[in-house]
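Structure assessment
In case you want the letters, here they are:
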Amino acid sequence: MGDEKTNPKAYQTRRVTFSACHRLHSPHLSDAENKEIFGKCNHINGHGHNYVVKVTLFGGIDPKTGMIMNMTDLKKYMEEAIMKPMDHKNLDKDVEYFFTRPSTTENLSVYIWNKMKDVMEKPDWLYEVEIYETENNIVKYRGE
């Protein structure tokens, strides 16, 4: 029959949580513009979040292992791409990517996407990065 029956594909997601602080501030805007756009999130001393990040893969289920990717490997990649560079850090001062761009959740999703692509053995399997900055503020990025 068709390829779906002999080599089905599925989505696989792993979730991590990390804590970090940041200040919403763009070097491309004046102080007054930053204050107007970002409001209290532009406070000079910043603020913190407990970010929840979900990384989703899409790929064929290996007929021998029954997995897309071993979750242990995905955990290792997420540790390298997310936890080591950002957990308990100041995003604006400790992560070079944010030296020249605001540390919005949108930019954070692009950063995590790129870091995951860099560390994964099979980066084409990366389907989506989803970040919960808060329960109500969520960003998804799919490499577009």
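Residues numbered from 1 in each chain as written. Predicted model: local features only at pLDDT ≥ 70, side-chain atom pairs only at ≥ 80, totals over all residues. Heavy atoms only, no water.

Glancing now at the overall build of the chain. In terms of helices and strands, the chain carries five helices and five strands. Reading the chain from its N terminus to its C terminus gives the helix and strand order α-β-α-β-α-β-α-α-β-β. Projected onto its principal axes, the C-alpha coordinates of the chain cover approximately 65 × 25 × 25 Å. Here the chain holds 144 residues, and the buried ones make up 38% of them. Expressed as a percentage of contacts within the chain between residues at least 6 apart in sequence, the contacts between residues at least 24 apart total 67%. When the accessible surface of the chain is summed, it comes to about 8800 Å², and 48% of that surface belongs to carbon and sulfur atoms. (Helix = DSSP H or I, 4+ residues; strand = E, 2+ residues; numbered from the N terminus. Buried < 20%, exposed > 50% of the residue type's maximum accessible area, 1.4 Å probe, protein only. Contact = heavy atoms within 4.5 Å. Areas by Shrake-Rupley, 256 points an atom, 1.4 Å probe, with all protein chains shown as cover.)

To continue, consider the pattern of salt bridges. For side chains of opposite charge, pairing can occur when their charged atoms come near one another. Across all of its chains, the model carries three salt bridges by this definition. Between Glu128 and Arg142 there is a salt bridge; the shortest N-O distance is 2.7 Å. With a gap of 14 residues between them, Glu128 in strand 4 (residues 126-132) and Arg142 in the segment after strand 5 (138-141) connect regions that are remote in the sequence. On the basis of relative accessible area, Glu128 is assigned to the buried category, the value being 6%. Across the pair Lys140 and Glu130 runs a salt bridge, and its minimum N-O distance is 4.0 Å. Note that Lys140 is positioned in strand 5 and Glu130 in strand 4, a separation of ten residues in sequence. The exposure class of Glu130 is buried, given its relative accessible area of 11%. (Salt bridge = Lys/Arg side-chain N within 4 Å of Asp/Glu carboxyl O.)

With that settled, consider helix 5 (residues 105-119). Between its first and last C-alpha atoms helix 5 spans 21 Å; for 15 residues at 1.5 Å apiece the expected length is 21 Å, and the two agree. All of the buried residues along helix 5 are Thr105, Leu108, Ser109, Val110, Tyr111, Ile112, Trp113 and Met116. Those residues of helix 5 that are buried are in contact with strand 1 (9-22), strand 2 (47-60), helix 3 (71-86), helix 4 (91-94), strand 4 and strand 5. (Expected span 1.5 Å × (residues − 1).)

The topology assignment puts Leu126 in strand 4. As for Leu126 and Thr13, which are separated by 113 residues in sequence, their C-alpha atoms are 10.0 Å apart. With residues up to four places along the chain from it excluded, the contact list for Leu126 reads Val55, Thr56, Leu57, Trp113, Met116, Lys117 and Met120.

Once that is clear, we can look at the nonpolar core. Counting residues in each nonpolar core, the largest one holds 29 residues, and the members touching the most others are Ile82, Ile112 and Met116. Going through the elements one at a time, strand 1, strand 2, helix 3, helix 5 and strand 4 are the ones with two or more residues in this core. Ranked by residues supplied to this core, first place goes to helix 3 with seven residues. In contact with Ile112, other than residues within four places in its own chain, are Val53, Ile82, Met86, Val129 and Ile131. (Core = buried A, V, L, I, M, F, W, Y, C linked by side-chain atoms within 4.5 Å.)

Let us now look at the packing of helix 3 against helix 5. Working note: a packed helix pair is described by the angle between its axes plus the distance between those axes. Across the interface, helix 3 lies against helix 5 with an axial gap of 9 Å and an inter-helix angle of 135°. Put simply, helix 3 runs oblique to helix 5. For the element pair helix 3 and helix 5, the recorded crossing hand is right-handed. Here helix 3 contributes Leu74, Tyr77, Met78, Glu80, Ala81, Ile82, Pro85 and Met86 to the contact with helix 5, which in turn contributes Leu108, Tyr111, Ile112, Lys115, Met116 and Val119. When its residues are assigned to classes, the contact of helix 3 with helix 5 shows twelve nonpolar, no polar and two charged. (Axes fitted to C-alpha atoms, helices over the stretch in contact; angles between N-to-C directions. Parallel < 35°, antiparallel > 145°, perpendicular 65-115°, else oblique. Left-handed = near helix turned anticlockwise from the far one by under 90°. Nonpolar A, V, L, I, M, F, W, Y, C, P; charged D, E, K, R; others polar.)

Turning next to the UniProt feature "active site" (unreviewed entry) in the chain. Under the UniProt annotation, "active site" (unreviewed entry) lies at Cys41, His88 and Glu133. For Cys41, the location among the structural elements is in the loop between helix 2 (31-38) and strand 2. Its relative accessible area of 24% is what places Cys41 among the partly exposed residues. Assignment of secondary structure puts His88 in the loop between helix 3 and strand 3 (89-90). Judged by relative accessible area, which is 64%, His88 ranks as exposed. (UniProt positions renumbered as here; feature names shortened; annotations may be inferred.)

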